[in-house]
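Notes for the structure review
One letter stands for each residue in the lines below.
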Amino acid sequence: DMTTDMPNRDSVSIALWATNLGVPLNGLQDWVDHIDHKMAEADGANIFVMPEYASEQWLAFKPDGLRTDQEMAWMADHASAACDHAAKLAIKHDMVLVAGSMPHHVDPAKPERGQTNSAMIFTPEGTRIVQDKMSLTPGEQEPDNWNLTPGSRFATFDWRGLRIAVLICLDIEMPALSCLLAPLDIDVLLVPSMTATPSGYHRVFGCAKARAVELMCSIAVCGTTGTANQTTQNPTNYSGCSVFTPCEPQLGHTGVFAHVAPDFDDGGDGPLLLARDVPIGLIRELRGGDAEVWPGGWKADHVSVVTLGA
């Protein structure tokens with residue numbers, strides 16, 4: 001029974017950490033200790049989310065002479081150890097941990113085959129879920145840059161009475177994915193992101209808010225802030241944290257449940273938002289037929305497109 005141990009499965013508390021990549025690290029254990037400290041700070045959360053490319057913080061201890069086009073493979077070499085540590089933190093704090101995203105080798109035995117950008121999800125029960133980014137940015141695909149491979153599989157998982165899924169950054173901007181997700185009865189969609197500028201931030205967060213309406217679910221999104229030591233690709237990161245709900249009267253009309261204003265760098269660890277008691281049960285009832293106008297997973301099958309002359 002997935003509903004045991006959840007004090008009230010009609011709500012969930014979500015912690016979002018817009019990690020400041022500029023906090024200096026001297027090794028992987030330092031990274032793990034930093035996450036451990038922030039999870040303790042988010043006492044009472046059921047889910048703890050870090051942003052896309054949280055692993056860029058590792059560049060602070062990259063080897064001398066590492067070329068830009070070698071960074072992905074180098075980070076992917078550390079992914080397995082990072083995931084082993086993160087899995088233990090999920091158990092220790094009794095939280096689902098989305099340890100941001102990091103590169104993973106498509107084939108660990110043949111690193112030259114390339115890498116995916118993958119969100120790493122760990123449950124307190126010991127389950128590990130990998131969600132690859134499916135829609136890559138042009139920069140992620142440049143051969144002399146990060147040269148990543150897109151994913152082709154989307155996973156939902158049930159945990160303690162909740163149906164949870166993860167989309168990475170640009171994936172939340174894709175209407176075609178939204179159409180695939182609409183019939184899946186997702187309760188919580190988590191969105192780790194990385195945006196360099198206010199325009200990127202508003203694209204991701206604006207689309208995330210729209211998805212809450214389209215999917216009739218709660219969407220929690222956070223991005224990177226600051227500048228990673230020794231970065232070669234991302235001189236700025238601008239983001240914040242938000243939890244969006246459908247725009248319904250019972251949910252306060254606006255669709256914004258919790259919000260931390262975006263910034264380039266807060267001078268600290270990056271903002272931590274603890275959104276307590278997101279009303280999942282109420283949203284589920286709205287999705288089940290109580291919403292003002294929601295038509296469900298609407299497909300437009302009966303619509304034909306015509307082009308009219310001048």
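Structure: above.
Let me sum up the structure you'll find in this document.

Reading the values: the criteria
- Residues numbered from 1 in each chain as written.
- Predicted model: local features only at pLDDT ≥ 70, side-chain atom pairs only at ≥ 80, totals over all residues.
- Heavy atoms only, no water.
- Salt bridge = Lys/Arg side-chain N within 4 Å of Asp/Glu carboxyl O.
- Helix = DSSP H or I, 4+ residues; strand = E, 2+ residues; numbered from the N terminus.
- Buried < 20%, exposed > 50% of the residue type's maximum accessible area, 1.4 Å probe, protein only.
- Core = buried A, V, L, I, M, F, W, Y, C linked by side-chain atoms within 4.5 Å.
- Contact = heavy atoms within 4.5 Å.
- Pairing = 2+ DSSP bridges.
- Axes fitted to C-alpha atoms, helices over the stretch in contact; angles between N-to-C directions.
- 1 Å grid on protein atoms, 1.4 Å probe; cavity = no way out; pocket = protein on both sides within 12 Å on 5 of 7 lines; lining within 4 Å.
- Points joined across faces, edges and corners; volume = space filled by probe spheres on them.
- Nonpolar A, V, L, I, M, F, W, Y, C, P; charged D, E, K, R; others polar.

1. A short note on the pattern of salt bridges
Applying the stated rule across the entire model yields 17 salt bridges. The residue arginine 128 makes a salt bridge to aspartate 84 at a minimum N-O spacing of 2.8 Å. A residue pair is termed long-range when its members are at least 10 positions apart, and arginine 128 in strand β5 (residues 128-132) and aspartate 84 in helix α2 (residues 71-93) qualify at 44 residues. Taking the relative accessible area as the measure of exposure, arginine 128 reaches 43% and is therefore partly exposed. Residue classification places aspartate 84 among the partly exposed positions, given a relative accessible area of 34%. The salt bridge involving glutamate 173 is made with arginine 203; its shortest N-O contact spans 4.0 Å. Placement of the pair is glutamate 173 in the loop between β7 (162-166) and α4 (175-181) and arginine 203 in helix α5 (residues 198-215), with a sequence separation of 30 residues. Given the relative accessible area of 16%, glutamate 173 is considered buried. Overlapping salt bridges bring together Asp185, Asp187, Arg284 and Arg287 as one network.

2. Structural notes on the nonpolar core
Ile14, Leu16, Ile47, Leu189 and Leu190 are the most contacted members of the largest nonpolar core, which has 51 residues in total. The dominant element in this core, judged by the number of residues it contributes, is α5, at 6 residues. Excluding its chain neighbours within four sequence positions, the residues that come into contact with isoleucine 14 are Ile47, Val49, Val188, Ala220, Leu273, Leu274, Ala275 and Val278. Counting residues in each nonpolar core, the second largest holds 40 residues, with Ala15, Leu25, Ala42 and Phe48 among its members.

3. Quick notes on the sheet that holds β7
The pairing of strands in a sheet comes from backbone hydrogen bonds and takes either a parallel or an antiparallel form. Pairing within the open sheet is mixed, and its 6 strands lie in the order β6-β7-β8-β9-β10-β11. Strand pairing shows two members of the sheet lacking a second neighbour, β6 (156-159) and β11 (256-263), which therefore form its edges. The sheet shows a mean angle of 15 degrees between the axes of neighbouring strands, taken without regard to direction. In this structure, β7 lies alongside strand β8 (residues 188-193), joined through 3 bridges in parallel fashion.

4. Considering the layout of surface pockets
By volume, the largest pocket is sized at about 400 Å³. When residues of the lining of the largest pocket are traced back to their parent elements, those giving at least two are α3 (138-141) and α5. Ranked by residue count, the leading element in the lining of the largest pocket is α5, at 3 residues. The class makeup of the residues in the lining of the largest pocket is 7 nonpolar, 10 polar and 5 charged. One number sums up the size of the second largest pocket: a volume of about 210 Å³. Forming the walls of the second largest pocket are Ser178, Cys179, Ala182, Glu214, Leu215, Trp294, Pro295, Gly296, Gly297, Trp298 and Lys299. Those elements that place two or more of their residues in the lining of the second largest pocket are α4 and α5. Residues of the lining of the second largest pocket, tallied by class, amount to 6 nonpolar, 3 polar and 2 charged.

5. Description of the sheet that holds strand β4 (residues 115-122)
Sheet architecture is open: 6 strands sit in the order β5-β4-β3-β2-β1-β12, paired in mixed fashion. This sheet does not close on itself; its edge strands, each paired only once, are β5 and β12 (272-278). Within this sheet the neighbouring strands show an average axis-to-axis angle of 25 degrees, counted without direction. α2 contacts β3 (96-105), β4 and β5 of the sheet and is inclined by roughly 160 degrees relative to β3.

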